[in-house]
Every structure is written in C-alpha cells, then in structure tokens.
Amino acid sequence: MALSTSLSSTSLMHIYGTRNNPTSFEATDFLRSNERMARLLPAAMRMADLQRDVGAALPAMAGNCDVLSFQEGVLVLAVPSSAVAARLKQGLPKLQSSLLARGWQVNSLRLKVQVMRAMPEQVQMRTLALPERAVAAFEELGDALPDTPQNAALVAAVKRLAEKRRKG
C-alpha cells in the first residue's frame, strides 16, 4: 500500500481507524514533530489503512475489533471478549478473501481477547407504549368479538394485551 500523502506536507492527515478526527490529527502532528518520529508515520498510516479495510470487509463487527499487528502475513486482531471472538471467527474466511482482494497478503488471522478493552455501547431498545385510547379500543374489541370456539384464542390475546398495557 502506497502512502498517498507526502510526509513533508503541512496539512493535517486523518488516520483511519482512530475513533475520532482530533485524535488522529494529534497523532499525525506528533509523528511529524521530529525526524525520528516521522519515520513511524508510514507504518501508522499502513495500519490505519488495514483497520479501514477490515472495517469495510466486516461492517457489523468493525466496532468490535482492532488491528494489533500485521507481520509476515499474520494479521492479529484484538477483540473485547470471547463471545465477540466466536462471532468473528465465522467471518474470518470472508475477511481474509476481502483483504486479499484489496492487496493485503494475509496468510492467516489470529484473534486476541483483550479483556481490558471497553465493550461497545449496547443499543438501547425503546419501549413501545400504547396511548390510553388504543388500550380502551383493544378492551372494547375483546368484549365485542363473538364468543365462539374459533375466536377464543383471539379474544384471550386481545384481553391480555389490554390488561398488560393497563398495568405497564
């Protein structure tokens, strides 16, 4: 992978794979701050490109893994738990073929559980609430349906729904 931006450029570069732009800009500024540190910038950019390509190959798991190292064809990814590692293992063949198609010579993939790494925030499920008028309409429906053997399960379900929504 070629570095597309000149190291002598004074403009800021975003390192893909960092969690936010200010962090990546601070990192590139720091690496450019002296000649010895500037030598690390191509390696940092290469790892950031690899992190971006891993995220593109497995978008659902991108927030759950980070590139730790890539040496001699072995890609090591950090994951926050063994459960995430188990889910990610199912996608490793797809990940490897996608990375090969993008020009990365990945011969094998390893997962390393890093317990100290923070788990991504869980998505909060919203609770659905029925307006009072809708609950009253379900109660009326339960009372209005004919009491036949065919309707028994439906009447019971509608009445349970209305009762549950009244309490909750």
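Predicted model only: the values in this text are computed from it and were never measured.

Regarding the overall build of the protein chain
Working step 1: A count of helical and extended segments in the protein chain gives seven helices and three strands.
Working step 2: Seen in sequence order, the protein chain has helices and strands lined up from the N terminus as α-α-α-β-β-α-α-β-α-α.
Working step 3: Pairs at least 24 residues apart make up 52% of the contacts formed inside the protein chain by residues separated by at least 6 positions.
Working step 4: Of the accessible surface of the protein chain, which amounts to about 11,500 Å², a share of 56% is contributed by carbon and sulfur atoms.

A few points about the pairing of strand E2 (residues 74–79)
Working step 1: Within E2, five of the six residues are buried, leaving the element largely enclosed by the surrounding structure.
Working step 2: Two strands pair when backbone bridges link them, and strand E1 (residues 66–71) and E2 are joined in this way by five bridges, in the antiparallel orientation. Pairing of Phe70 across the sheet is with Leu75, part of E2.
Working step 3: The turn linking E1 back onto E2 is made up of two residues, and Glu72 within it adopts a positive phi angle of 50°.
Working step 4: Taken together, the six bridges between E2 and strand E3 (residues 108–113) define a ladder with parallel strand orientation. Bridge pairing in E3 places Val74 opposite Ser108.

Calculation notes
- Residues numbered from 1 in each chain as written.
- Predicted model: local features only at pLDDT ≥ 70, side-chain atom pairs only at ≥ 80, totals over all residues.
- Heavy atoms only, no water.
- Helix = DSSP H or I, 4+ residues; strand = E, 2+ residues; numbered from the N terminus.
- Contact = heavy atoms within 4.5 Å.
- Areas by Shrake-Rupley, 256 points an atom, 1.4 Å probe, with all protein chains shown as cover.
- Buried < 20%, exposed > 50% of the residue type's maximum accessible area, 1.4 Å probe, protein only.
- Pairing = 2+ DSSP bridges.

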